[in-house]
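In case you want the letters, here they are:
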Amino acid sequence: MAELRGSSGDAPQNLLTRWFGTPNLHTLDVYESKAGGYTALRKALFDMAPADITNEVKTSGLRGRGGAGFATGVKWSFINRDAPGPKYVVVNADESEPGTAKDRYILENSPHMVVEGILIAAYAVGANQAWVYIRGEYDEPRRMLVEAIDEARAKGYIGPRPMGKDYPLDIQIYRGHGAYICGEETALLESLEGKRAQPRSRPPFPAVKGAWGRPTLLNNVETLATVPTIINMGGAGYAKVGTAKNPGTRLLTVSGNVRKPGVYEVEIGKTFRHVIMELAGGPPEGRKVKVFWPGGSSAPVLPESMLDVTTDAEALAAAKSMGGSGGVIVMDDSHCVVKAAYRLLQFYAHESCGKCTPCRIGQDWAVRTYERILANEGSQIDLDILRSVSDGLQNGRSLCGLGDSGGWVIDSTLRHFRDEYEDHALRHECNVGRVMAHA
Amino acid sequence: MPDVNLTIDGHKLSVPAGTLVVEAAKTIGIEIPVFCYHHKLDTVGACRMCLVEMTPGPPRPQTACTTPATEGMVVKTLSAMAVQARADILEFELANHPLDCPVCDKGGECPLQDFTFRHGYPTSRIDGPRLHFKKPIPLSDNIALDRERCVLCYRCTRYYDEVAWEQELTTDERGVQSFITSQFGQPLQSIFSGNIIDLCPVGALTSRVWRFESRPWDMTHTATICSRCSVGCSVTQWQRRGQLVRVTSHENDDIDEGWICDRGRFDYTDVNDPKRYRTPMVDGVKATWADAILTMAAGIRGKGAKLGISLPQDITNEEAFLFRKLLDGPLKGARVKMHGRTALPAPTGDGLRIKEIDDARVIVVVASDIENDVPIVDLRVKKAVGKRGAKLIVVHPDGVDLDRHPGTVHIRNTAGAAAAEVRKLASHELLANPGGPVAILFGDGRGTEDAADLAAACTELAAKVGGKVMPLYRATNERGALAAGVAGWDKLDGVEALFSWGPPPAAGVPSTVRFMAAWDHLPREGHDRAVVLPAATFAERQGSYTNLEGTVQFLRPPIALRPPLKEGWEVLTELANALGLALDYPGIFPIQRELAEQPPSPEPEPAPVLVGPAHP
Amino acid sequence: MPALDLAQEELGHLTPEAMTEVATALELDPGYVEGVATFYSLFHLTPVGRHHFYVCTNLSCAIRGSAEIVRRFQEATGVKAPDEVTPDGLFSYEEVECLGACEYAPMMRLDQRFHYDLTPEKIDELIADRKAGRTAPPSPAATPPRERGGEPPPSPAATPPRKRRGAAPPSPAAAPPRKRGGTTRKKKADG
């Protein structure tokens, strides 16, 4: 395995990654003996009622770490534990948001932490079967997760009587095959059911009608990996970290033009300046930060002047952006924003599932417009087209967030870097250069 | 369910709870444009065309096709938010759409055209290359696909999956590169494929049989009844300059729910065949009606059992009624053979109606591959099982299409043992507590079963489990012919005179025939030495059929019968007179009135016990 | 999907015959299987090299020089475009989207593992190794069977895809290898 790149961030708030770096942390023995692993599961199964577990998660204020940031405890409470028939937990390990590597990081370093979280969640919502939907490209993390599950099964933590508790629990793995849209909950469920991955209309929501029509809880890897910590610290204890409305820590992937790219566990509420300039060492010598994406490519961009925005959801919303997946992409002043936006729109167009008209057509139309602009054939009309495509993708027009994301890229880069767009479209010049996605 | 009150564009209205907003708007004449939504398919909210402003709700447009009306809802389709959303979506739909209107068959009846006029931007900003596909692609002999025109509403693939239970039509690739295709480019096989033409809201799926034939405004049309099988679906037949140019569906929720099979849809070009007879012929020479009828009468008079009469599967009730008179009178003793009928006996008692299949909790299908025998009934069964949770039991020696549903219980009987299996079903677990009505559909196994015994067994089972039976007749008007007592079985070997009403016997003209007379529209073998009367086809004739459930439905021909062609009932009346039976009917209505006033036949046609190779 | 995965592992890519076989084995219509196979990027419908370089060119990797990596690969193998395979059948490449290892950019996936901090020199090395047969990809048999995906538990409310009945559909005769999608507009090079 590659060297651990990233760190446990700001001590003493390194709640998740505290033991990362311990040799063989990925084995059950070391996880249990050195990292206090599976204490939370034991506590949950034997000392707590399922409703209590959900309440602890609610109290903790944990929000989904996949991108949408929905209050996790509330999401758990949507599953009617007493409804007859099977329920499922599905783990979203599809991690495909550009700039995001935290779930891979967790799975490679401490897969047991994820396993433990899954088991606790399943018990809390009344599910006996969990599925991990892991993206097909994650060969190594998948191998490690398989091993971890095997170890847990051998130790009796997964099976008909986990730890001796009369409540069967099982985890199965399902491999994705290359589609970013599978990160969207209902598209993931379609893929899990063996179909083309196109999102469903909501309502009904997965908590009511999810996998194979059954009530289903979907959570991100990092979200579930945080659950053992919450059980051990108590929800109130967890809520003391971070900000009042957005407690805890989260793993931020910092990449791009920085000296020390890596996955950093950061207390929520620190500034991006701290994360980018201090933790990740800032841009290379002689360059300045020009623009950064605070939460994956789908988060509206922020310019250098907004580096002091804090990493909590409220501050980001006020800055007209979002926390998203925590993938912080930093671009310095040697790169052109228009070219970067073009590359991202190509991504969205390539990954669009094709179900709804605005995303299917709009992303591609934007790509063609960018091509024209970047080939010095643009004009004001093209800027108008980008504007209206961007509007046409957002605010309920699209069936799912993939459409919105493309719109936000156009929207936010236009808002903060209008002059670069006008350079290209109206004056047919580029004063910056680089990006260079393709040969 | 109680009604809910809501307001749409300032109009107050009341609709049953659960009605979708898009349907609620229709009730007061407000059009919310849609592409992917279809009232017979599950809603998906994919195309985003129906975005409107709704309160209560988020400050964003929402899809009217996925939202049920609720009490106190306020819907605005004309607010800036809604109008802009619609226009933008249309602009997107047109971004790759080719400028094909002048050569596209959909023009004139195209929702994309109509919506763009009514809701879209007046000018286009698309300047530059559009997405291109090779086109047109023949999906089958009858259907062409144009991928550039396709707006990917997925109605066609969803229909195939939900209604027809097949996936030979699929979507390939992803995003803007997606396209519709038949599996591995092979021709579509399903008998239900043609409905995708009616479903497609643009000119992507078109009929190859009707390609470049006409514009919609150049045709007139009527809603009439299909003549191809016993289900009696409503169809729309379109004519132009005296030709039947196309057939499309017509929604009759009691029978077909707007679907027709490919036989009804594509099998009509014989009506326009230039080789059609236009005047009577005697021995290959044109003759007058008077001469032809006299010659015919002379040839078939007084022959008794040496006369064979072949009747078509689509003989009308009125023609059958007149044949009964002939067979009771001057043609007494003649042998009669009807095309395409089953071995099933005449119905007894109150049978199952097609629409009652919807409410059945358990459906039993015996001795029939209904996909091929009675296709649209097959779709109705699939709907009851797939969408309404009915359980399904199939009794048949071979696999059938209904096996695709994982819950189907399939009992494979040995040929001939169907009745025995049906008797055992009384103790089947699914029928112990059906929880509602039971529907029992039975065929004749194409001649491999003892039809009378099977009918009895099914009737007994129905009585035991609280159900009704539907004998699956196959000939278009088998039931009407049975009621008139003319659904004949007789073998025609050894007859000296043959009178063919419609096409000649399927087994061929017997070699002993010395005199042949026919009422037919196309030349056949042997006609050059026969008396031939030019027939009116199904698109020109008046009359009625009785479908397999017993509903009498009247034909409304789209094409006016051109003299010297005559109506069938008129010819039979003249023939009767020439044979010495005085009949005088000034029109078809008196015949129908007389038919209606008749008491039902006292002795149902005795059913032959038939076990052996299938009857043609 | 797991079944298609097995087929692809064995054959290198998915042919219409392979997809039909999968369909028959699972009692599904081939059309259904075809639709699923063409949706996902990891299913190859045309032959690929024994060592297929999945090079990430999404934003983080792009601004750290992924274009150079692609160029070097092209130079070293003679392959000019993503659809091409070297004449010896060993190498081909594809520009892919974010692989979730952004802290090691520029990076790629090759032979079922990730390769980090790429430089042109590393590309040369990787190619040379494989040409000499020095580094074998992990054998598919090494991956434990379970991770190929379990079967969904039977559920009364389940609506699995319709099974196909009757004889297997005719083998698609000599269907030409499929290219992805409709026409591809040429990507304009970045300035």
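The structure presented is a predicted model; accordingly, all values stated were derived computationally and were not measured.

Caption draft 1: Here's a closer look at the sheet that holds strand 11 (residues 220-225) of chain B. Residue and element names in this part refer to chain B. As summarised here, the arrangement of the 3 strands in space is 11-12-13, forming an open sheet in which the pairing is antiparallel. Where the open sheet ends on each side, the last strands, each with one partner, are strand 11 and strand 13 (243-249). Ignoring which end each strand starts from, the neighbouring axes of this sheet average 30 degrees apart. By the bridge criterion, 6 bridges tie strand 11 to strand 12 (residues 234-240) in an arrangement that is antiparallel. Looking across to strand 12, one finds that A223 is bridged to T236.

Caption draft 2: Region of the structure containing the packing of helix 7 (residues 289-300) of chain B against helix 15 (residues 568-578) of chain B. Residues and elements named next belong to chain B. Across the interface, helix 7 lies against helix 15 with an axial gap of 9 Å and an inter-helix angle of 60 degrees. Here helix 15 runs oblique to helix 7, going by the angle between their axes. Here helix 7 runs over helix 15; the crossing is right-handed. Only V571, E574, L575 and A578 of helix 15 make contact with helix 7, whose side of the interface consists of W289, I293, M296, A297 and I300. Residue composition of the contact of helix 7 with helix 15, grouped by class: 8 nonpolar, no polar and 1 charged.

Caption draft 3: Seen up close, the sheet that holds strand 6 (residues 137-138) of chain B. All names here are of chain B. Pairing is antiparallel in the open sheet, where 3 strands are placed in the order 6-7-10. A single partner strand is all that each edge strand has here, and the edge strands are strand 6 and strand 10 (205-207). With 2 bridges joining them, strand 6 and strand 7 (residues 143-145) adopt antiparallel strand pairing. Paired with P138 across the strands is A144, a residue of strand 7.

Caption draft 4: Focus on the interface of chain C and chain A. On the chain A side, the residues contacting the 58 residues of chain C number 80 residues. Here chain C meets chain A over a buried area of about 5,900 Å², counting both sides, of which 53% is carbon and sulfur. Among the residues of chain C in contact with chain A, F39, I63 and E103 of chain C are the three that bury the most area, contributing 12% of the side total. For the interface between chain C and chain A, the tally reads 4 salt bridges. R104 of chain A is paired through a salt bridge with E103 of chain C; the nearest N and O atoms lie 3.1 Å apart. Applying the counting rule to chain C against chain A returns 24 residue pairs in polar contact (both at pLDDT 80 or more). When residues of the side of chain C that touches chain A are traced back to their parent elements, those giving at least two are helix 1 (2-11), helix 3 (30-39), helix 4 (59-62), helix 5 (66-77), strand 2 (91-96) and strand 4 (113-115) of chain C.

Caption draft 5: Layout of the pairing of strand 12 of chain B. All names here are of chain B. Burial analysis of strand 12 places 6 of its 7 residues in the buried class, which makes it a mostly covered element. By the bridge criterion, 6 bridges tie strand 12 to strand 13 in an arrangement that is antiparallel. The residue of strand 13 that forms the bridge with Q237 is V247. Linking strand 12 back to strand 13 in an antiparallel pair, the connection comprises 2 residues, with R241 at a positive phi of about 55 degrees.

Caption draft 6: Main features of the pattern of salt bridges. If you walk through the whole model with that rule in mind, you get 77 salt bridges over all chains. The partner of R387 of chain A in a salt bridge is D411 of chain A, and the shortest N-O contact between them spans 2.5 Å. Of this pair, R387 of chain A sits in helix 15 (residues 380-393) while D411 of chain A sits in helix 16 (residues 401-416); the two residues are 24 residues apart in sequence, bridging distant segments of the chain. In this structure R387 of chain A comes out as partly exposed when scored by relative accessible area, which is 30%. Between E162 of chain B and K387 of chain B there is a salt bridge, with the nearest N and O atoms lying 2.9 Å from each other. In this pair, E162 of chain B sits in helix 4 (residues 155-162) while K387 of chain B sits in the loop between helix 10 (375-386) and strand 19 (391-395), placing the two residues 225 residues apart along the sequence. Look at E162 of chain B and you get buried, because its relative accessible area is 15%. Classification of K387 of chain B as partly exposed rests on a relative accessible area of 35%. Via salt bridges that share partners, K40, E251, D253, E257, D358, R380 and K383 of chain B belong to a single interconnected network.

Caption draft 7: Summary view of unusual backbone geometry. Going from P203 of chain A to P204 of chain A, the amide bond is cis rather than trans, its omega being 0 degrees. Along the chain, the position of P204 of chain A falls in the loop between helix 8 (185-192) and strand 5 (216-220). The step from A105 of chain C to P106 of chain C runs through a cis peptide bond, and the omega angle for that step is -5 degrees. As for its placement among the helices and strands, P106 of chain C is situated in the loop between strand 2 and strand 3 (108-110). The backbone of W212 of chain A sits at a positive phi, close to 50 degrees, despite the residue not being glycine. Structurally, W212 of chain A can be placed in the loop between helix 8 and strand 5. The exposure class assigned to W212 of chain A is buried, which follows from its relative accessible area of 8%. Unusually for a residue other than glycine, W165 of chain B sits at a positive phi of about 60 degrees. Inspection of the secondary structure assignment puts W165 of chain B in the loop between helix 4 and strand 8 (169-172).

Basis of the calculations
- Residues numbered from 1 in each chain as written.
- Chains lettered and ligands numbered in written order.
- Predicted model: local features only at pLDDT ≥ 70, side-chain atom pairs only at ≥ 80, totals over all residues.
- Heavy atoms only, no water.
- Pairing = 2+ DSSP bridges.
- Helix = DSSP H or I, 4+ residues; strand = E, 2+ residues; numbered from the N terminus.
- Axes fitted to C-alpha atoms, helices over the stretch in contact; angles between N-to-C directions.
- Parallel < 35°, antiparallel > 145°, perpendicular 65-115°, else oblique.
- Left-handed = near helix turned anticlockwise from the far one by under 90°.
- Contact = heavy atoms within 4.5 Å.
- Nonpolar A, V, L, I, M, F, W, Y, C, P; charged D, E, K, R; others polar.
- Buried area = accessible area lost by both parts, 1.4 Å probe.
- Salt bridge = Lys/Arg side-chain N within 4 Å of Asp/Glu carboxyl O.
- Polar contact = N/O pair within 3.5 Å; in protein donor to acceptor, adjacent residues only side chain to side chain.
- Buried < 20%, exposed > 50% of the residue type's maximum accessible area, 1.4 Å probe, protein only.

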